[in-house]
Amino acid sequence: MTTVNLAAVASAIQAEFEPDITSQINRSGPLLRLLQTRPYRGQNITWDVRFGSASAGSGAAIAEGTDVSTFNTDTKVPAVLQYATMHEAFEVTGLALAAAANSSAPAALVDLFAEEITSAAERLGKAIAEEIYSGTGSSNRMTGLGTSSGLALGTAGTYAGLARGTYSQWASNVIANGGTARALSLSLMRQAMREAFIDCGERPDVIVCDPVQFDKYGSLFDTQKNFVYEVRTMGGVIKLDGNYRALEFDGRMIVEDINAPSGKMFFLNSRKVHIATLPPVNPMGSNAGTMSAPAVVDNMPAPTNIQVKVQPLAVLGDKYRFGLFAYVQPVVRAPSACAVLEDLLTT
C-alpha cells in the first residue's frame, strides 16, 4: 500500500503566496522628510549673501549736532550652486510583464511594472539621502554636508562660489579633536549649539547622527530618556514611527539616520538648510511621467517633494528600459548657523 503524503504531491500543488512583498532592505532617509524641499527656477541655485561686522563699535554714538563723516555698508555677493542629476534605472521584458499580469499571486507582483518603478524610486531616494552627507561636489556629485574643504559645513575652501578665506563668516562650526576620538558628552553638544548661536544668532533645531551616536546620547540618560514621535522643522511636522526615532536635547530633536557618517553629530538649522529641486520637464512626445522620490518609513515609501522624471530609455526587442531622474542639491544658506561634532568614539 502506498501512502500519499505531502511530499508526494507538493510539486503538483500550487503555492499560495501572501499578497505583499516583505522588504529586507533598510532604505530609510530621514533628512528627505526633515528638511524642507524647495522647487527652484532657472539654470542653477542662486541666493544673495551679506557679510559685515557683527559689532557696531564706538563710532555709532556721536555728539548732538555733529556732522556724519563715517559711512558703512555690508558686502552683498551671490552664492551659486549647480544641480546634481541623480538617477536610477531598470529594465524588464514583455514576457515577464505578461506573466505577472496573468498571475493571481502575489498581488504585489501582478502589476510588475509598478513594483519595479516603486523599487527604483526607493533606490533613488536612498541614493539622494546618502549623497546629502557624502557628496564631494566633484564629478557631477552633490555638494554634501561634509566638513572637508569646500563642502557645505566645512571651515575652509570655496562653497557655492564663495571663498572662506575671503569671507570668514561663511565657515561652519566644526568641533573636532585633532583626529583623536573622544566620548560624546552634553558639554560638547552644548558647545556646538553655543558656537552656532554666537555666529548667527540662532540655535540649530535639528540634530542628526548615526545609530551608534544616537544610542550613546541615550545612554547618558538611561531610564530617564524620552523618545519623541513628532518633530517640527521648516519641512513641517513629521510624525516619526518605524525606522525613525528621536530623542530630545535642550528642546531640540535628535534623529538617528543610518546614512549619517560615523563618529559625527550634525547640528542643523532647518531655516538655513533645505533641499533644492528643479521640476523636470517632459519634452513633447517623450512619454515621460513624473513622481516623487520616497523616503522609506517602516519599510513603506513616505512621500517627499523631490520631483522625479520617469523616462522610457529604449525598447530592445521585447525588453523595456526605464530611467528615473531627479535634479537636486542640498543648500546651506548660512553654514555658520550649523555645527558638526567630529572625532566621537564609535565603539
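Residues numbered from 1 in each chain as written. Predicted model: local features only at pLDDT ≥ 70, side-chain atom pairs only at ≥ 80, totals over all residues. Heavy atoms only, no water.

Trainee: Help me out: how do you make sense of the pairing of strand 19 (residues 307-316) in this one?
Mentor: The two faces of a sheet get side chains in turn, since along a regular strand they alternate between them. Of the pairings in the sheet, the one linking strand 16 (residues 289-292) to strand 19 comprises four bridges and is antiparallel in character. Within strand 19, the position partnered with Thr290 by the bridge is Lys309. Note that strand 19 and strand 20 (residues 319-332) share seven bridges and pair antiparallel. Pairing of Lys309 across the sheet is with Phe325, part of strand 20. Hairpin remark: strand 19 followed by strand 20, antiparallel, with two residues in the connecting loop; positive phi at Gly317, about 65°. (Pairing = 2+ DSSP bridges. Helix = DSSP H or I, 4+ residues; strand = E, 2+ residues; numbered from the N terminus.)

Trainee: Could you clarify how one ought to interpret the side chain of Asn173 in this entry?
Mentor: By the element assignment, Asn173 lies in strand 7 (residues 173-175). At a separation of 3.0 Å, a polar atom in the side chain of Asn173 contacts the main-chain carbonyl oxygen of Ser336. For Asn173, the residues in contact, after removing those within four places along its chain, are Glu195, Ala196, Asp199, Pro335, Ser336, Cys338, Ala339 and Val340. (Polar contact = N/O pair within 3.5 Å; in protein donor to acceptor, adjacent residues only side chain to side chain. Contact = heavy atoms within 4.5 Å.)

Trainee: Sorry, what's going on with the nonpolar core here?
Mentor: Within soluble globular proteins, side chains that are nonpolar generally end up buried alongside one another. In this structure, Leu31, Trp47, Ile128, Leu145, Trp170, Val208 and Leu324 are the most contacted members of the largest nonpolar core, which totals 59 residues. If one sorts the elements of this core by residue count, helix 5 (residues 112-134) sits on top with nine residues. Ignoring anything within four residues of it in the chain, the contact list for Leu31 reads Ile132, Tyr133, Leu145, Val208, Asp257, Leu268 and Ile275. Formed by 18 residues, the second largest nonpolar core is a distinct cluster that contains Leu184, Met189, Leu247 and Ala339. (Core = buried A, V, L, I, M, F, W, Y, C linked by side-chain atoms within 4.5 Å. Buried < 20%, exposed > 50% of the residue type's maximum accessible area, 1.4 Å probe, protein only.)

Trainee: Got a minute to help me understand the pattern of salt bridges in this structure?
Mentor: Between side chains of opposite charge, a pair can form as their charged atoms come close. Counted according to the given criterion, the structure contains ten salt bridges. A salt bridge links Glu131 to Arg141; the shortest N-O distance between them is 2.8 Å. Here Glu131 is found in helix 5, whereas its partner Arg141 is found in the loop between helix 5 and strand 5 (158-159), with ten residues between them in sequence. The salt bridge involving Arg271 is made with Glu202; its shortest N-O contact spans 3.0 Å. Of this pair, Arg271 sits in the loop between strand 14 (265-268) and strand 15 (273-277) while Glu202 sits in the loop between helix 6 (186-200) and strand 8 (206-209), and the two are 69 residues apart along the sequence. Linked by salt bridges that have partners in common, Glu202, Asp205, Arg271 and Lys272 make up one network. (Salt bridge = Lys/Arg side-chain N within 4 Å of Asp/Glu carboxyl O.)

Trainee: Hey, could you run me through the environment of Leu186 in this one?
Mentor: Structurally, Leu186 can be placed in helix 6. Residue class for Leu186 comes out partly exposed when judged on its relative accessible area of 24%.

Trainee: Would you take a moment to explain the packing of aromatic side chains for this structure?
Mentor: Two aromatic rings, taken as a pair, are described by how far apart their centres are and by the angle between their planes. With the rule as written, the count across this model stands at nine aromatic pairs. Where Phe90 meets Phe113, the ring centres are 5.9 Å apart and the plane angle is 55°; that geometry is what we call tilted. Of this pair, Phe90 sits in strand 4 (residues 84-93) while Phe113 sits in helix 5, and the two are 23 residues apart along the sequence. Residue Phe90 is classed as buried on the basis of its relative accessible area, which comes to 8%. What links up through ring pairs into an aromatic cluster is the set Trp47, Phe51, Tyr159, Tyr167 and Trp170. A cation over an aromatic ring shows up here: Arg203 above the ring of Phe197, its NZ or CZ 5.2 Å from the ring centre. (Phe/Tyr/Trp six-rings, centres within 6.5 Å; stacked < 30°, edge-to-face > 60°. Lys NZ or Arg CZ within 6 Å of the ring centre and 35° of its normal.)

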